[in-house]
Every structure is written in C-alpha cells, then in structure tokens.
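Architecture and fold: a report
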Amino acid sequence: DVKVTQSSRYLVKRTGEKVFLECVQDMDHENMFWYRQDPGLGLRLIYFSYDVKMKEKGDIPEGYSVSREKKERFSLILESASTNQTSMYLCASSSQTEWGQETQYFGPGTRLLVL
Amino acid sequence: AQSVTQLDSHVSVSEGTPVLLRCNYSSSYSPSLFWYVQHPNKGLQLLLKYTSAATLVKGINGFEAEFKKSETSFHLTKPSAHMSDAAEYFCVVRSGGSNYKLTFGKGTLLTVNP
C-alpha cells in the first residue's frame, strides 16, 4: 500500500512565524503535490514537483515556497505565516508510469491555525 | 484549460435509496476523470477513474460513474446508500498534456439518514 505521511496533524503558529510542513511518501513516486483545502472551495494546488529539485507553481503559490531535496520528501514552507493561511494542507504523490491517468495518493492532512 | 463543476454542494438521502452526485467538466484535451472520497478527518481516497477505456466505470464500495462526452458529464451513482457512505465527494479532471495538474470540484457533501 502507498503511504503518504505528513509530519503533523495539527499545528498552531503565530503570525509572522516561518512554518515548515513535511511530507514523505514510501512508493518511489516521481510526482508530489501540496494542496490547501478550505470549506466550499475544494482543493487548490499550491505547488507540485515532478522530480528532485524541480518545482512548478500551482494555482495559489503566493506566500508559499517548497523544497524537494530527496525523492521521497516534499516540504511546504510558509515564509511568514498570516491568518489567511489558516487551512487544511494536504500532500499527495503519484507515479509517472501512469502518465495521463495518474492516481494521486493523499496524506491525512495537516490542520494549521495561524493566530 | 480544464474545469469541473459539481452541481450540488449537499445531497441528502435515506439509507437504502439510490445516490446520484452530479459532475460536469470542461477540458481542452481528452480528459481523465476521477472521483475521490473524503471521510471525516481522513485523507482523500480514490473511488474510481475514467481513462478513455469503458465509459461505465466501476469503483470501490459499489459506486460507479458513466462518462458521457456529449453531455460533458461524469455523474457518480450507487444503487443503495449505506450509512458508511456519508462523506465528501470530489470530482476531478486531468487534461491530456504535459502537465500533471488535477483540477478539483468544490465537493459534494453526502448525508445518509437512517
């Protein structure tokens, strides 16, 4: 079974803090993704990576950055947390062998509260 | 460009009655279409996907969806709802092309009443 783990289920941070969210997958997937999920808005893509050290912006990259130094790990960084970044953050991974029809496998999510 | 519209934000059914969750999509290329389910406090799980093979796709837990190109629809159905089906359901589109991006609908919350 594919396993995607996220470093924390719940986080509380203060405005202006630098926040790191970590995601690890154990299936040697090439692609990794970070989404945020807000009520009534569904999932919105923040960033994705299709290879080590490679990244592409999603729909809402402002205020975020990412790092992929190893294939299994994809980090989301909030450089200076703001209250409007309070949200559920979901990490996902997928394999390029299913190109065009990749199933994404999701982690359990990190619920971030910025005070 | 690609987009997806889930026509109902909330659907309520009685246990044992049919479920219909509606989804329309637009895509510049031949799409792949997915339905994901999210149970409370859990991550998203794939229910089923359409990838240009059979237009009627069967998924887990008795769900199925039919791809109708002429109607640009991919509605999710189940003949008989179970209490454990209560969850949020997301319709997702991925256009062909070099980008791995999925576009998610806003979700439909399914409530199952005893």
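Rules and cut-offs
- Residues numbered from 1 in each chain as written.
- Chains lettered and ligands numbered in written order.
- Predicted model: local features only at pLDDT ≥ 70, side-chain atom pairs only at ≥ 80, totals over all residues.
- Heavy atoms only, no water.
- Helix = DSSP H or I, 4+ residues; strand = E, 2+ residues; numbered from the N terminus.
- Polar contact = N/O pair within 3.5 Å; in protein donor to acceptor, adjacent residues only side chain to side chain.
- Contact = heavy atoms within 4.5 Å.
- Pairing = 2+ DSSP bridges.
- Buried < 20%, exposed > 50% of the residue type's maximum accessible area, 1.4 Å probe, protein only.
- Core = buried A, V, L, I, M, F, W, Y, C linked by side-chain atoms within 4.5 Å.

Quick word on the side chain of serine 93 of chain A
Residues and elements named next belong to chain A. Relative to the helices and strands, serine 93 resides in strand β9 (residues 87–94). There is a polar contact of 2.8 Å between the side chain of serine 93 and the side chain of histidine 29. Sequence-distant contacts of serine 93, defined by excluding residues within four places in its chain, comprise Val4, Gln25, His29, Asn31, Met32, Phe33, Thr103, Gln104 and Tyr105.

Section: the pairing of strand β9 (residues 73–78) of chain B
Residues and elements named next belong to chain B. Sheet topology places strand β3 (residues 19–21) next to β9; 3 bridges connect them, and they run antiparallel. Each bridged residue has a counterpart across the sheet, and for valine 19 the counterpart in β9 is lysine 78. Note that strand β8 (residues 64–68) and β9 share 5 bridges and pair antiparallel. Bridged to phenylalanine 67 within β9 is phenylalanine 74. Hairpin remark: β8 followed by β9, antiparallel, with 4 residues in the connecting loop; positive phi at threonine 72, about 45°.

So, the environment of aspartate 51 of chain A
Residue and element names in this part refer to chain A. Summarising the element assignment, aspartate 51 is placed in the loop between β5 (42–49) and β6 (56–57). The class of aspartate 51 is partly exposed, set by a relative accessible area of 43%. A sequence separation of 28 residues divides aspartate 51 from glutamate 79, and the C-alpha atoms of the two residues are 23 Å apart. If we skip the residues at most four places from it in the chain, aspartate 51 touches Glu30 and Arg68.

Structural notes on the nonpolar core
Judged by nonpolar contacts, the single largest core of 26 residues is most densely connected at Trp35, Leu48, Leu76 and Tyr89 of chain B. Ranked by the residues each element gives to this core, the list is headed by strand β10 (residues 87–95) of chain B, at 4 residues. If you look at the next biggest cluster of nonpolar residues, it comprises 20 residues, including Val4, Leu21, Ile46 and Cys91 of chain A.

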